[in-house]
Amino acid sequence: MLRLRLKREERSSGLAPPSVASGAEVEIANVYDDPLLEVVRLLREAANIEHALMVQYLYAAFSVKDKYDALIGIDLFPTSHTLIGVAIQEMQHLAKVNALLVDLKANPNLDRQDFPIRSDIYPFDLELEPLTLESCAKYVTAEAPLDALDPAGAGDQAERDFREAVSQKVGLNRVNHIGSLYGTVIARLREAVEASPAILNDSDRWLDELEKIRGQGEEDHFLFFRSVFEGTHPALGGPAVWRDPSSDDYPSRPLPRNPTAYEGSDRSITDALARRLAVLANLHYWLVLGLLHQGHASSDSNLIGRAVSHMTGCLYPLGRMLADRGFGLPFDALALNFGPGMDRVATLGWLRRLVLEVQGHEADLAGDLGSNYKKSPAKITLQILGGIS
């Protein structure tokens, strides 16, 4: 868990804690004195947040009505102009963070908490929810540069109106953002490399990669979500699109918040077929994370490629199918850190069993999966896993 504190000079001045101190400058509190321990901790936290943002953006994309395909991004390309594109870029950030962890001889992190997730980084819970003005205001806040939303710093009335509108949706106690997390990671990594240059090959390249991740969020993603919030994105045609949630022109469908495929929860998916589809989606999601974990841990690009095939050929169409039935893809958390085996061979065996589980559910749902769902990813992945030792 990331915790914030007032910066040293403000702590000594006796200001209130950052949750109530208006305008106070804050920083991420250290847990370790050793900069290497601290940078690994922060990278694992960054992986958790990138993972959570990625699935939130996917869930929001699945909620958008088909008439706004230009906002969804049906071509599955990494771009800062569509919801799917931004989600894919967040996945790329997650991949780079894990690659850096591996280069630092640390285990990759594909785990995350279950939704809703509370973090001191944001003044709101991270949740799976449909795209609305309220949820979009959260995404604007998550991606914004630190000083980009303070109404007092607005240069004109239009800018002030925008900042005040976002503040009204998310509250005024915004004290930090993900860009500052990467700024702290960069600072701690510099300290670690200075103290022990041998810990990382090509440290300048990694520092540059981290700066690019921070810049993409604070520039491209922030501006994208701002255009959606203000209705100026080309797919929306103006702010009036957000006025009436009951209108056919409203951008999204009212999918439930934080659904789960698990039985016995008050958030369980109630429709029998939708729940079966959600169970299959969970299996693909967990398989994707397992393949990514092992792919990063062993620098095996083939396994990473298999993960992508399950995302594009299986998870994506399942998300659209569930949304068409009025439900969302649950992305249920599974606390395995996705490297459950004692070694590579044992973990590959676990992944093979998971693929067989996928195929069993595919067979049970054979007549309900539609033409866009692909069974070939599971078949090919099983063949590849069988040939790896």
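Quick caveat, the model's predicted, so the values are computed rather than measured.

The number of helices and strands found in the chain is 12 helices and two strands. Overall, the chain shows an N-to-C arrangement of helices and strands of β-α-β-α-α-α-α-α-α-α-α-α-α-α. Within the chain, the fraction of its 389 residues that count as buried is 56%. Looking at the chain alone, contacts between residues at least 24 apart form 71% of all its contacts between residues at least 6 apart. Summed over all atoms, the accessible surface of the chain reaches about 16900 Å², with 50% contributed by carbon and sulfur.

The next subject is the layout of surface pockets. Approximately 330 Å³ is the volume found for the second largest pocket. Along the wall of the second largest pocket there are 21 residues; nearest its centre are L58, I88, M91, M311 and T312. Mapped by element, the contributors of at least two residues to the lining of the second largest pocket are helix 2 (35–63), helix 4 (83–103), helix 9 (272–297) and helix 10 (301–324). Per-class residue counts for the lining of the second largest pocket are 20 nonpolar, one polar and no charged.

A few words on the nonpolar core. Soluble globular proteins tend to bury their nonpolar side chains together. The biggest cluster of nonpolar side chains holds 118 residues, and the ones touching the most others in it are L71, L131, V140 and F225. The element that contributes the greatest number of residues to this core is helix 2, accounting for 17 residues.

The rules behind each value
Residues numbered from 1 in each chain as written. Predicted model: local features only at pLDDT ≥ 70, side-chain atom pairs only at ≥ 80, totals over all residues. Heavy atoms only, no water. Helix = DSSP H or I, 4+ residues; strand = E, 2+ residues; numbered from the N terminus. Buried < 20%, exposed > 50% of the residue type's maximum accessible area, 1.4 Å probe, protein only. Contact = heavy atoms within 4.5 Å. Areas by Shrake-Rupley, 256 points an atom, 1.4 Å probe, with all protein chains shown as cover. 1 Å grid on protein atoms, 1.4 Å probe; cavity = no way out; pocket = protein on both sides within 12 Å on 5 of 7 lines; lining within 4 Å. Points joined across faces, edges and corners; volume = space filled by probe spheres on them. Nonpolar A, V, L, I, M, F, W, Y, C, P; charged D, E, K, R; others polar. Core = buried A, V, L, I, M, F, W, Y, C linked by side-chain atoms within 4.5 Å.

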